[in-house]
Amino acid sequence: MSNQFKALSEGMAAVVESAGQGVVQVNGRRRFPASGFVWSADGVIVTANHVIRTENIRVSLPDGEQVDATLIGRDPAIDIAALRVQREGLASLSWLPEEELRVGAMVFAVGRPGTSVQASMGILSAIGEDWRIHGGARISHYVRADLVMYPGFSGGAIVGADGRVVGMATSALSRDGGIALTHATVAPTVDSLLKYGSVRRGYLGVGVQTVQLPTGLSKELGQETGVLFNSVAPDSPAEKAGLVVGDILVNLDGEPILSPDELAIALRSDLAGKVTTLQIIRGGELHEANVEIQTGEERNR
């Protein structure tokens, strides 16, 4: 039995050690180092936005070398920032696919607020539901872990028992702690930051709510719900495309839209700034409309 416990202990330590090779220390605020992790081998580091409060950012790599970092971009709404260091061949971490996430699975919080890697252990206690956070941003892809988030762990990785990343740890989105943003939330944000230096959110210009579809159309479309337009903003992309209050959106660019959250996620993609085909129900019949989705920047001009 003692050998079994020893093997389990050594296995857990090996998971943390392996994950730690992709976890870095981030010095982006006075006196309080935080963590980050390697997004790509060419020097892209992902961390929490709230730990970046100065332009003079330093990153301590797993081998102990300290290097300057530049801010690529940030998304304060969901607490993600991307940095770049002038180093090649960094050890990037692999992600656990969302469909493999299981409540009750063993997970480790891995951070580097000091010179060496630190960790805590717990279980995956919840998989994200639709969540509107402060400022109106919505997050659907996240997990909650029942473990200790020590000071400086924000921006680090929550990893599973096989060492793959479950999510990016953040203490800024919930007072209860233990929140981690999964790949489906982090990846589109980082991709946008790398391409544009900011997150390009799409703007359609409608107020929406979930609505049940008529039985016949539900069977035809293979979905039970869509989103009802309960308002259409003047001079918005929706109005310019002829969309009106009472239209029900069921598909956007080939993807079924079942809820306001799914619409919000779709509008955060590269559809922003492009002409997109919407499938709507009007008067009990299916119609298509081509809409030029605006970016948030265009909306505010």
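This text goes with the structure placed above it.
Residues numbered from 1 in each chain as written. Predicted model: local features only at pLDDT ≥ 70, side-chain atom pairs only at ≥ 80, totals over all residues. Heavy atoms only, no water.

Q: Please set out helix α2 (residues 183–196) residue by residue, giving values where relevant.
A: Taking 1.5 Å of rise per residue, 14 residues should cover 20 Å, and α2 covers 19 Å from first to last C-alpha, within 8% of that figure. Taken as a whole, α2 has its buried residues at T185, V186, A187, T189, V190, S192 and L193. Of the residues one or two after α2, G197 is the one with positive phi, at around 80 degrees. (Helix = DSSP H or I, 4+ residues; strand = E, 2+ residues; numbered from the N terminus. Expected span 1.5 Å × (residues − 1). Buried < 20%, exposed > 50% of the residue type's maximum accessible area, 1.4 Å probe, protein only.)

Q: Break down the sheet that holds strand β2 (residues 34–40) for me, citing the residues and quoting the values.
A: Read once around its circumference, the closed barrel built from 6 strands follows the order β1-β2-β3-β6-β5-β4, with strand pairing classed as antiparallel. Averaged over all pairs of adjacent strands, the angle between their axes in this sheet comes to 40 degrees, without regard to strand direction. Pairing between strand β4 (residues 57–60) and strand β5 (residues 66–75): 4 bridges, direction antiparallel. Looking at the pairing, S60 lines up with Q66 of β5. Sheet contacts for α2: β2, β3 (44–47), β5 and β6 (80–85); angle to β6, the most-contacted strand, approximately 55 degrees. (Pairing = 2+ DSSP bridges. Axes fitted to C-alpha atoms, helices over the stretch in contact; angles between N-to-C directions. Contact = heavy atoms within 4.5 Å.)

Q: Describe in detail the packing of aromatic side chains, supporting the description with residues and values.
A: Inspection of the entire model under this criterion finds 3 aromatic pairs. Each ring, one from F37 and one from W95, has its centre 5.9 Å from the other, and the planes form 65 degrees; the classification is edge-to-face. Placement of the pair is F37 in strand β2 and W95 in the loop between β6 and β7 (106–111), with a sequence separation of 58 residues. Side by side, F37 and W95 carry an identical accessibility label, which is buried. Ring geometry for W39 against W95: centres 6.1 Å apart, planes inclined by 70 degrees, an arrangement best described as edge-to-face. Residue W39 is located in strand β2, and its partner W95 is located in the loop between β6 and β7; the two are separated by 56 residues in the primary sequence. With a relative accessible area of 17%, W39 lands in the buried category. Here the aromatic residues F37, W39 and W95 are joined through ring pairs into a cluster of three or more. (Phe/Tyr/Trp six-rings, centres within 6.5 Å; stacked < 30°, edge-to-face > 60°.)

Q: So what about unusual backbone geometry? Which residues, and what values?
A: The backbone phi angle of R31 is positive, close to 65 degrees, even though this residue is not glycine. With respect to the element layout, R31 can be found in the loop between β1 (23–27) and β2. In this structure R31 comes out as exposed when scored by relative accessible area, which is 72%. Within the chain, D253 stands out as a residue other than glycine whose phi angle is a positive 55 degrees. Mapped onto the elements, D253 comes out in the loop between β18 (248–252) and β19 (255–256).

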